[in-house]
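# Results of the structural survey
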Amino acid sequence: MNDAIRELVAEATTSQVFAVWFLIGAALVFWMQAGFAMVEAGFTRAKNTGNIIMKNLMDFCIGTVVFILIGFSLLMGEDLIGFIGKPGFDLFTSYANFDFSSFVFNLVFCATTATIVSGSMAERTKFLSYCIYSAVISALIYPIEAHWIWGGGWLAGLGFHDFAGSCAIHMVGGISALIGAKILGPRIGKFKRDKDGKVIKVNAFPGHNIALGALGVFILWLGWYGFNGAAATSVEQMGSIFLTTTVAPAVATVVCMIFTWLKYGKPDVSMCLNASLAGLVAITAGCDVTDCVGALCIGAVSGVLVVFGVWLLDYKLHIDDPVGAVAVHCLNGIWGTIAVGLFATSSAPGYSITNAAGETITGLFYGGGFQLLGLQLLGFISVAAWTAVTITIAFYIIKAAVGLRAGRDEEILGLDVTEHGLQSAYAGFAMLPDGSEIEDDMPVMVAGDIPAAEAVPVVKVPTFEEGTRPKFTKVEIICKEHKFEKLKKAMMDIGITGMTMSHVLGCGVQKGTPEYYRGVQIEPTLLPKVQVDIVVSAVPVRTVIETAKKVLYTGHIGDGKIFVYDVENVVKVRTGEEGYDALQDVE
């Protein structure tokens with residue numbers, strides 16, 4: 001009797017522990033909203049940061065409202081012909097018997113679907129339009145297809161498996177992001193077109209704060225342990241889920257680092273951050289049914305697939321996706337869904353995939369044949385078709401009713417100030433102009449193919465006749481700010497003790513090592529420089545030039561320029577000395 005009681009107590013205790021973990025997991029998934037906000041803000045331009053924060057806040061808050069009203073019942077209500085849950089208001093009419101934990105858990109997942117779309121449509125979407133389509137996704141599009149998979153719908157009955165949402169959440173969000181970005185059009189200046197409208201060049205818009213984006217990725221990775229692991233029913237299953245959820249993104253990131261290193265000459269930081277997320281997305285569907293080998297393979301494919309996805313959108317489809325949402329969530333959501341049919345193994349703790357007849361089925365590479373793979377393909381196609389049709393209708397209705405895209409001037413000025421009256425999300429910081437919104441037909445500060453410094457006319461002044469006075473020469477050096485101290489020391493070492501330094505903004509193109517951001521070569525823009533002026537007589541001009549070149553050269557865009565001018569005379573104000581004598585204490 002005592003043994004039986006102990007077993008009952010242990011079982012009840014275990015049940016309560018996992019019920020608490022279920023809610024902790026929900027809290028971790030909610031915390032992922034912060035991660036999405038940081039990634040999107042960091043990978044875009046500073047003038048839109050406030051707008052992005054506001055969108056990521058409101059898609060959860062608006063999503064909560066519509067999920068209460070209709071979304072939850074469509075997802076988890078009594079099944080109607082395998083298609084939708086029965087609409088109802090049990091939250092209001094039968095609160096005492098309501099499944100509170102299920103509501104909170106499904107709500108935070110729903111919010112994730114909506115926030116994915118924000119990234120691909122960033123920097124040019126009307127805030128009102130965003131609020132509307134976010135509500136539509138949370139109220140109708142996500143709950144209905146998720147019911148097919150998790151609410152007792154027709155896909156669940158067939159044996160389709162998506163444990164935590166590669167298909168139901170990430171692919172749905174990614175497809176919505178792809179269609180939204182296509183209908184919306186690219187940001188001003190992203191693609192350069194010829195007179196016939198053909199894209200002839202892709203421009204890079206570097207994110208304004210990669211550190212913020214990296215923080216977002218780490219927050220998301222942490223949250224993903226709740227995303228994937230919250231529904232675990234045993235310690236062994238949770239441990240296995242945590243393992244696969246760690247291995248896949250780690251391998252994806254390493255593969256991406258190596259791939260971009262080989263392809264672009266340097267490992268791409270932002271692409272590797274995207275690869276971490278891609279590996280997490282891909283393992284989400286099968287995190288509970290794959291082993292370590294399967295997680296390794298899934299992650300390796302993700303690391304290459306995310307780079308391919310960014311390239312595909314930029315260079316072939318010409319769709320502007322500022323944060324890589326389509327490459328991360330759409331392509332890797334599809335891959336993760338299909339990968340279950342390849343790598344599912346019954347050796348995983350708590351394995352429970354069965355077909356409609358109740359027979360256990362496994363992945364193709366583990367001797368299960370094509371049955372599970374076929375079910376996964378069917379689920380992918382069905383959910384993708386539902387999402388594509390419904391979100392396209394929603395976008396076109398919104399576009400016709402209130403407009404989808406912000407105005408040209410609003411986009412150029414930034415959505416912070418035009419949509420929210422926020423002058424800057426970084427009050428107290430001076431943000432440099434990014435110049436990325438410049439087009440050929442817009443007024444600009446610097447235009448043309450000739451670097452700004454070379455475009456300034458240089459007037460050659462007459463020199464003194466040979467033998468009359470020493471020759472004076474002005475050497476003007478424009479270089480990066482952080483090089484000044486090293487340049488000053490080098491000049492002093494060759495005998496120059498006097499110089500003038502001023503801060504300037506510079507822009508130009510020079511032959512050197514090309515810089516890439518997410519596989520696109522970066523165009524130079526106005527950046528802070530220093531201008532150093534030196535007048536010499538006794539010190540050879542060539543010595544000054546060669547010394548400066550040696551100090552400043554890196555081979556990268558923006559190393560600087562050196563200009564040499566004849567000087568007619570030099571006058572020292574304090575003593576009245578002129579010419580050679582005026583320079584004796586400065587060189």
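Provided above is the structure to which this section pertains.
So, here is what we can say about the structure in this document. (Residues numbered from 1 in each chain as written. Predicted model: local features only at pLDDT ≥ 70, side-chain atom pairs only at ≥ 80, totals over all residues. Heavy atoms only, no water.)

## Quick notes on the side chain of Gln376
Its location among the elements puts Gln376 in helix 13 (residues 371-401). Residues within four places of Gln376 in sequence aside, it is in contact with Phe160, His161, Thr337, Ile338, Val340 and Gly341. (Helix = DSSP H or I, 4+ residues; strand = E, 2+ residues; numbered from the N terminus. Contact = heavy atoms within 4.5 Å.)

## Thoughts on unusual backbone geometry
One non-glycine residue with positive phi stands out, namely Ile81, at about 50 degrees. Looking at the element boundaries, Ile81 is found in the loop between strand 1 (79-80) and strand 2 (84-85). Phi is positive for Glu123, close to 80 degrees, though the residue is something other than glycine.

## Concerning the packing of helix 5 (residues 127-150) against helix 7 (residues 166-184)
The axes of two packed helices give the description: the angle between them and the distance between them. Two elements in contact, helix 5 and helix 7, have axes whose closest approach is 9 Å; the angle formed by their N-to-C orientations is 150 degrees. Classified by the interaxial angle, the pair formed by helix 5 and helix 7 is roughly antiparallel. The element helix 5 and its partner helix 7 pack so that their crossing is right-handed. Contacts between helix 5 and helix 7 involve Ile141, Tyr142, Glu145, Ile149 and Trp150 from the first element and Cys167, Ala168, Ile169 and Val172 from the second. Residue composition of the contact of helix 5 with helix 7, grouped by class: eight nonpolar, no polar and one charged. (Axes fitted to C-alpha atoms, helices over the stretch in contact; angles between N-to-C directions. Parallel < 35°, antiparallel > 145°, perpendicular 65-115°, else oblique. Left-handed = near helix turned anticlockwise from the far one by under 90°. Nonpolar A, V, L, I, M, F, W, Y, C, P; charged D, E, K, R; others polar.)

## So, the pattern of salt bridges
Throughout the structure, instances matching the rule amount to eleven salt bridges. Lys474 serves as the salt-bridge partner of Glu476, at 3.9 Å between the closest nitrogen and oxygen. Looking at Glu476, the relative accessible area reads 11%, which means it is buried. The partner of Arg542 in a salt bridge is Glu546, with the nearest N and O atoms 3.0 Å apart. Of this pair, Arg542 and Glu546 both sit in helix 18 (residues 541-552), four residues apart, which is roughly one turn of the helix. Assessed through its relative accessible area of 51%, Arg542 is described here as exposed. Note on Glu546: relative accessible area 37%, which makes it partly exposed. Where salt bridges share partners, they join Arg45, Glu123, Arg187 and Asp320 into one cluster. (Salt bridge = Lys/Arg side-chain N within 4 Å of Asp/Glu carboxyl O. Buried < 20%, exposed > 50% of the residue type's maximum accessible area, 1.4 Å probe, protein only.)

## With respect to the environment of Thr115
As for its placement among the helices and strands, Thr115 is situated in helix 4 (residues 100-120). When the C-alpha atoms of Thr115 and Phe60 are compared, they prove to be 8.0 Å apart, with 55 residues separating the residues in sequence. Contact partners of Thr115, with chain neighbours within four places excluded, come to Gln33, Phe36, Asn56, Asp59 and Tyr130. Reaching out from Thr115, the side chain makes a polar contact with the side chain of Asn56 at a distance of 2.6 Å. (Polar contact = N/O pair within 3.5 Å; in protein donor to acceptor, adjacent residues only side chain to side chain.)

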